[in-house]
Amino acid sequence: MEIAGSNPAGGTIRPMLSRNDVFVLHLADLLFPSWHPRAGETGPVNAFLIRHRDGDIIVDTGIGPAHQFIDKAYRPVRWPLPDVLSGVGARPASISAVINTHLHFDHCGGNSFFPGVPIFVQAAELEAATAADYTIQEFVHFAGARYKRVDGEADIAPGIRVVPTPHTPGHQSVIIETDGGRIVIAGQALETADEMDNGGDTAALLLSLAPACMLFSHDDRVWRKPGQRAV
Ligand SMILES: [Zn+2]
(Lines give C-alpha, C1' and ligand atoms only; values in the text may rest on other atoms or scores of the structure.)
Protein backbone atom coordinates (compact mmCIF):
# COMPACT_ATOMS: atom_id res chain seq x y z
CA MET A 1 0.00 0.00 0.00
CA GLU A 2 1.30 3.40 -0.94
CA ILE A 3 1.49 5.79 1.96
CA ALA A 4 0.57 9.34 1.05
CA GLY A 5 3.46 11.72 1.56
CA SER A 6 6.14 9.04 1.75
CA ASN A 7 8.05 7.24 -0.93
CA PRO A 8 9.31 3.91 0.47
CA ALA A 9 9.33 2.04 -2.83
CA GLY A 10 10.83 4.76 -4.99
CA GLY A 11 7.56 5.32 -6.82
CA THR A 12 5.63 8.50 -7.36
CA ILE A 13 4.77 10.44 -4.25
CA ARG A 14 1.03 10.92 -4.12
CA PRO A 15 -0.43 14.13 -2.77
CA MET A 16 -1.72 13.61 0.73
CA LEU A 17 -4.91 15.52 0.06
CA SER A 18 -7.90 14.18 -1.80
CA ARG A 19 -10.19 16.28 -3.98
CA ASN A 20 -12.78 15.38 -1.36
CA ASP A 21 -10.83 17.17 1.37
CA VAL A 22 -11.67 20.58 -0.12
CA PHE A 23 -15.10 22.13 0.55
CA VAL A 24 -16.82 25.31 -0.55
CA LEU A 25 -18.46 27.10 2.41
CA HIS A 26 -21.33 29.20 1.09
CA LEU A 27 -21.57 31.81 3.87
CA ALA A 28 -23.77 34.52 2.38
CA ASP A 29 -25.55 35.90 -0.64
CA LEU A 30 -25.39 39.59 -1.32
CA LEU A 31 -26.77 42.10 -3.76
CA PHE A 32 -23.96 43.98 -5.49
CA PRO A 33 -24.49 47.74 -4.97
CA SER A 34 -24.66 50.48 -7.59
CA TRP A 35 -20.91 51.18 -7.58
CA HIS A 36 -19.96 47.53 -8.13
CA PRO A 37 -19.19 46.10 -11.60
CA ARG A 38 -21.93 43.50 -10.98
CA ALA A 39 -24.50 46.07 -9.74
CA GLY A 40 -27.96 44.60 -9.33
CA GLU A 41 -26.77 40.99 -9.42
CA THR A 42 -26.98 38.69 -6.43
CA GLY A 43 -23.87 36.63 -5.80
CA PRO A 44 -22.46 34.23 -3.24
CA VAL A 45 -19.80 34.88 -0.65
CA ASN A 46 -17.78 31.70 -0.46
CA ALA A 47 -15.10 30.57 1.94
CA PHE A 48 -13.28 27.26 1.64
CA LEU A 49 -12.28 24.48 4.01
CA ILE A 50 -9.29 22.21 3.53
CA ARG A 51 -9.37 19.12 5.75
CA HIS A 52 -5.61 18.69 6.13
CA ARG A 53 -3.96 15.98 8.21
CA ASP A 54 -2.09 18.70 10.14
CA GLY A 55 -5.41 20.40 11.00
CA ASP A 56 -8.28 22.05 9.16
CA ILE A 57 -7.43 25.19 7.18
CA ILE A 58 -10.08 27.77 6.30
CA VAL A 59 -9.64 30.19 3.41
CA ASP A 60 -11.61 33.39 4.05
CA THR A 61 -14.29 33.75 6.71
CA GLY A 62 -17.30 35.52 5.17
CA ILE A 63 -19.05 38.83 5.80
CA GLY A 64 -19.26 38.80 9.58
CA PRO A 65 -22.14 39.75 11.89
CA ALA A 66 -24.94 42.25 11.26
CA HIS A 67 -23.51 45.64 10.37
CA GLN A 68 -25.43 48.80 9.60
CA PHE A 69 -23.55 49.89 6.46
CA ILE A 70 -23.09 46.40 5.00
CA ASP A 71 -26.69 45.39 5.58
CA LYS A 72 -28.02 48.55 3.93
CA ALA A 73 -25.67 48.50 0.95
CA TYR A 74 -25.51 44.75 0.21
CA ARG A 75 -28.78 43.29 1.62
CA PRO A 76 -26.99 40.12 2.68
CA VAL A 77 -28.44 36.77 3.62
CA ARG A 78 -26.04 35.08 6.05
CA TRP A 79 -25.44 31.49 7.05
CA PRO A 80 -23.49 31.40 10.34
CA LEU A 81 -19.95 30.13 9.94
CA PRO A 82 -20.14 27.56 12.80
CA ASP A 83 -23.31 26.06 11.24
CA VAL A 84 -21.76 25.83 7.79
CA LEU A 85 -18.60 24.28 9.24
CA SER A 86 -20.60 21.68 11.14
CA GLY A 87 -22.33 20.77 7.89
CA VAL A 88 -18.99 19.48 6.61
CA GLY A 89 -17.89 17.90 9.88
CA ALA A 90 -15.69 20.75 11.13
CA ARG A 91 -16.05 23.40 13.82
CA PRO A 92 -14.25 26.64 14.72
CA ALA A 93 -12.10 24.82 17.28
CA SER A 94 -10.87 22.34 14.63
CA ILE A 95 -9.36 25.13 12.52
CA SER A 96 -5.59 25.25 12.85
CA ALA A 97 -4.89 28.00 10.32
CA VAL A 98 -6.74 30.75 8.47
CA ILE A 99 -5.74 32.13 5.08
CA ASN A 100 -7.30 35.41 3.97
CA THR A 101 -7.21 35.96 0.22
CA HIS A 102 -7.51 39.64 1.14
CA LEU A 103 -9.02 41.82 3.86
CA HIS A 104 -12.12 43.33 2.31
CA PHE A 105 -14.99 42.87 4.76
CA ASP A 106 -16.58 39.96 2.90
CA HIS A 107 -13.42 37.86 3.24
CA CYS A 108 -12.40 38.50 6.85
CA GLY A 109 -15.76 39.09 8.58
CA GLY A 110 -15.51 35.88 10.60
CA ASN A 111 -11.82 36.08 11.53
CA SER A 112 -12.78 36.72 15.15
CA PHE A 113 -14.03 33.13 15.41
CA PHE A 114 -10.35 32.20 15.47
CA PRO A 115 -8.49 33.94 18.33
CA GLY A 116 -4.97 32.62 18.72
CA VAL A 117 -5.08 30.79 15.38
CA PRO A 118 -2.44 31.88 12.84
CA ILE A 119 -3.98 33.96 10.05
CA PHE A 120 -1.84 34.05 6.91
CA VAL A 121 -2.12 37.32 5.01
CA GLN A 122 0.19 39.09 2.60
CA ALA A 123 2.11 41.87 4.36
CA ALA A 124 1.05 44.28 1.61
CA GLU A 125 -2.59 43.50 2.36
CA LEU A 126 -2.26 44.18 6.07
CA GLU A 127 -0.63 47.47 5.16
CA ALA A 128 -3.39 48.35 2.68
CA ALA A 129 -6.06 47.51 5.25
CA THR A 130 -4.88 50.29 7.53
CA ALA A 131 -6.41 52.84 5.13
CA ALA A 132 -9.74 54.34 6.11
CA ASP A 133 -12.73 52.68 4.41
CA TYR A 134 -10.65 49.74 3.12
CA THR A 135 -12.48 47.28 5.35
CA ILE A 136 -14.29 47.02 8.68
CA GLN A 137 -11.41 47.53 11.11
CA GLU A 138 -12.95 45.48 13.93
CA PHE A 139 -13.19 42.46 11.61
CA VAL A 140 -9.40 42.58 11.19
CA HIS A 141 -8.34 43.70 14.65
CA PHE A 142 -9.93 41.66 17.45
CA ALA A 143 -8.78 40.26 20.78
CA GLY A 144 -6.43 37.35 20.11
CA ALA A 145 -5.84 38.17 16.43
CA ARG A 146 -2.60 36.48 15.36
CA TYR A 147 -1.57 37.58 11.87
CA LYS A 148 1.29 35.84 10.08
CA ARG A 149 2.66 38.12 7.41
CA VAL A 150 3.55 36.49 4.11
CA ASP A 151 5.69 38.12 1.42
CA GLY A 152 4.94 36.69 -1.99
CA GLU A 153 4.69 32.94 -2.61
CA ALA A 154 4.82 30.79 0.50
CA ASP A 155 4.12 27.25 1.68
CA ILE A 156 1.49 27.21 4.43
CA ALA A 157 1.36 23.45 5.02
CA PRO A 158 2.41 20.38 3.01
CA GLY A 159 0.54 20.61 -0.29
CA ILE A 160 -0.82 24.12 0.41
CA ARG A 161 0.80 27.19 -1.12
CA VAL A 162 -0.25 30.83 -1.48
CA VAL A 163 0.65 32.95 -4.48
CA PRO A 164 0.01 36.68 -5.03
CA THR A 165 -2.68 37.46 -7.61
CA PRO A 166 -4.42 40.71 -8.61
CA HIS A 167 -7.46 42.40 -7.04
CA THR A 168 -6.02 44.28 -4.05
CA PRO A 169 -2.43 45.24 -3.12
CA GLY A 170 -1.95 41.95 -1.28
CA HIS A 171 -4.51 39.56 -2.74
CA GLN A 172 -3.42 35.92 -2.78
CA SER A 173 -4.76 32.72 -4.31
CA VAL A 174 -4.26 29.26 -2.80
CA ILE A 175 -2.83 26.23 -4.57
CA ILE A 176 -3.80 22.81 -3.20
CA GLU A 177 -2.15 19.62 -4.45
CA THR A 178 -4.65 16.75 -4.45
CA ASP A 179 -4.91 13.28 -5.92
CA GLY A 180 -7.58 14.74 -8.23
CA GLY A 181 -5.13 17.32 -9.60
CA ARG A 182 -4.21 20.80 -8.52
CA ILE A 183 -7.06 22.88 -7.12
CA VAL A 184 -6.61 26.64 -7.20
CA ILE A 185 -8.75 28.80 -4.96
CA ALA A 186 -8.64 31.93 -7.11
CA GLY A 187 -10.47 34.00 -4.50
CA GLN A 188 -11.47 37.29 -6.10
CA ALA A 189 -8.60 37.45 -8.59
CA LEU A 190 -11.48 37.04 -11.03
CA GLU A 191 -15.12 37.77 -10.28
CA THR A 192 -16.55 34.79 -12.18
CA ALA A 193 -15.48 31.61 -13.92
CA ASP A 194 -16.49 33.19 -17.26
CA GLU A 195 -13.54 35.56 -17.01
CA MET A 196 -11.19 32.61 -17.55
CA ASP A 197 -12.26 32.76 -21.21
CA ASN A 198 -11.55 36.45 -21.79
CA GLY A 199 -7.83 36.09 -22.44
CA GLY A 200 -6.89 38.70 -19.86
CA ASP A 201 -3.65 38.91 -17.91
CA THR A 202 -5.18 37.52 -14.72
CA ALA A 203 -6.70 34.55 -16.55
CA ALA A 204 -3.27 33.86 -18.07
CA LEU A 205 -1.60 34.11 -14.66
CA LEU A 206 -4.11 31.70 -13.13
CA LEU A 207 -3.69 29.28 -16.04
CA SER A 208 0.08 29.37 -15.50
CA LEU A 209 -0.57 27.86 -12.07
CA ALA A 210 -1.67 24.69 -13.92
CA PRO A 211 -5.02 24.18 -12.20
CA ALA A 212 -7.13 21.10 -12.80
CA CYS A 213 -9.97 23.11 -11.36
CA MET A 214 -10.50 26.50 -9.86
CA LEU A 215 -12.86 27.90 -7.22
CA PHE A 216 -14.03 31.49 -6.79
CA SER A 217 -15.15 33.69 -3.90
CA HIS A 218 -18.15 35.13 -5.71
CA ASP A 219 -19.12 32.46 -8.22
CA ASP A 220 -20.38 28.99 -7.32
CA ARG A 221 -19.36 27.62 -10.67
CA VAL A 222 -16.16 25.59 -10.83
CA TRP A 223 -13.75 26.22 -13.70
CA ARG A 224 -12.25 22.99 -15.00
CA LYS A 225 -9.31 22.47 -17.27
CA PRO A 226 -10.63 21.40 -20.69
CA GLY A 227 -10.90 17.62 -20.68
CA GLN A 228 -10.76 17.43 -16.90
CA ARG A 229 -13.55 15.22 -15.62
CA ALA A 230 -15.65 16.53 -12.79
CA VAL A 231 -14.44 15.10 -9.50
ZN1 LIG B 1 -15.24 39.94 -2.19
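Residues numbered from 1 in each chain as written. Predicted model: local features only at pLDDT ≥ 70, side-chain atom pairs only at ≥ 80, totals over all residues. Heavy atoms only, no water.

Visitor: Residue-level account of the coordination of the zinc ion, with values.
Guide: Distances from the zinc ion to its protein donors, D106 (OD), H107 (NE2), Q188 (OE1) and H218 (NE2), fall within 2.1 Å. Considering all four donor atoms around the zinc ion, the spread of angles at the metal, 88 to 172°, places the coordination shape in the irregular class. For the zinc ion, all donor residues lie on one chain, and their spacing in sequence is D-H-x80-Q-x29-H. Here the residue H107 occupies a position in helix α3 (residues 105-108), and H218 occupies one in the loop between β12 (213-216) and β13 (223-224), the gap between them amounting to 111 residues. When its relative accessible area of 2% is taken as the criterion, H218 is described as buried. (Donors = N, O, S within 2.8 Å, 3.2 Å for Na, K, Ca; no water. Tetrahedral: all angles 85-135°; square planar, octahedral: opposite > 155°, others 65-115°. Helix = DSSP H or I, 4+ residues; strand = E, 2+ residues; numbered from the N terminus. Buried < 20%, exposed > 50% of the residue type's maximum accessible area, 1.4 Å probe, protein only.)

Visitor: Describe the nonpolar core, with residues and values.
Guide: One finds L25, I58, L85, I95 and L103 to be the most contacted residues of the largest nonpolar core, which totals 35 residues. Looking at this core element by element, the count peaks at four residues for strand β1 (residues 22-31). Those residues in contact with L85 that lie beyond four places of it in its chain are L25, L49, I58, A90, R91, P92 and I95. Among the nonpolar cores identified, the runner-up in size contains 21 residues, and V150, I183, I185 and L215 belong to it. (Core = buried A, V, L, I, M, F, W, Y, C linked by side-chain atoms within 4.5 Å. Contact = heavy atoms within 4.5 Å.)

Visitor: Give a detailed account of the pairing of strand β11 (residues 181-187), specifying residues and quantitative values.
Guide: The buried fraction of β11 amounts to five of the seven residues, a majority that puts the element mostly inside the structure. With five bridges connecting them, strand β10 (residues 172-178) and β11 associate as antiparallel partners. Bridge pairing in β11 links E177 to R182. Between β10 and β11, which follow one another and run antiparallel, lie two residues. Between the parallel pair β11 and β12, the chain is carried across by helix α6 (residues 201-208), and the sense of this crossover is right-handed. (Pairing = 2+ DSSP bridges. Right-handed = clockwise from strand over helix to strand, strands pointing away.)

Visitor: Could you give an account of the sheet that holds strand β6 (residues 118-122), naming the residues involved and the relevant values?
Guide: One open sheet holds the seven strands; their spatial order is β4-β1-β2-β3-β5-β6-β7, and the pairing between them is mixed. If you trace the sheet from one side to the other, it starts and ends with β4 (77-78) and β7 (146-150), each paired once. Two strands pair when backbone bridges link them, and strand β3 (residues 55-59) and strand β5 (residues 95-99) are joined in this way by four bridges, in the parallel orientation. Looking across to β5, one finds that V59 is bridged to I99.

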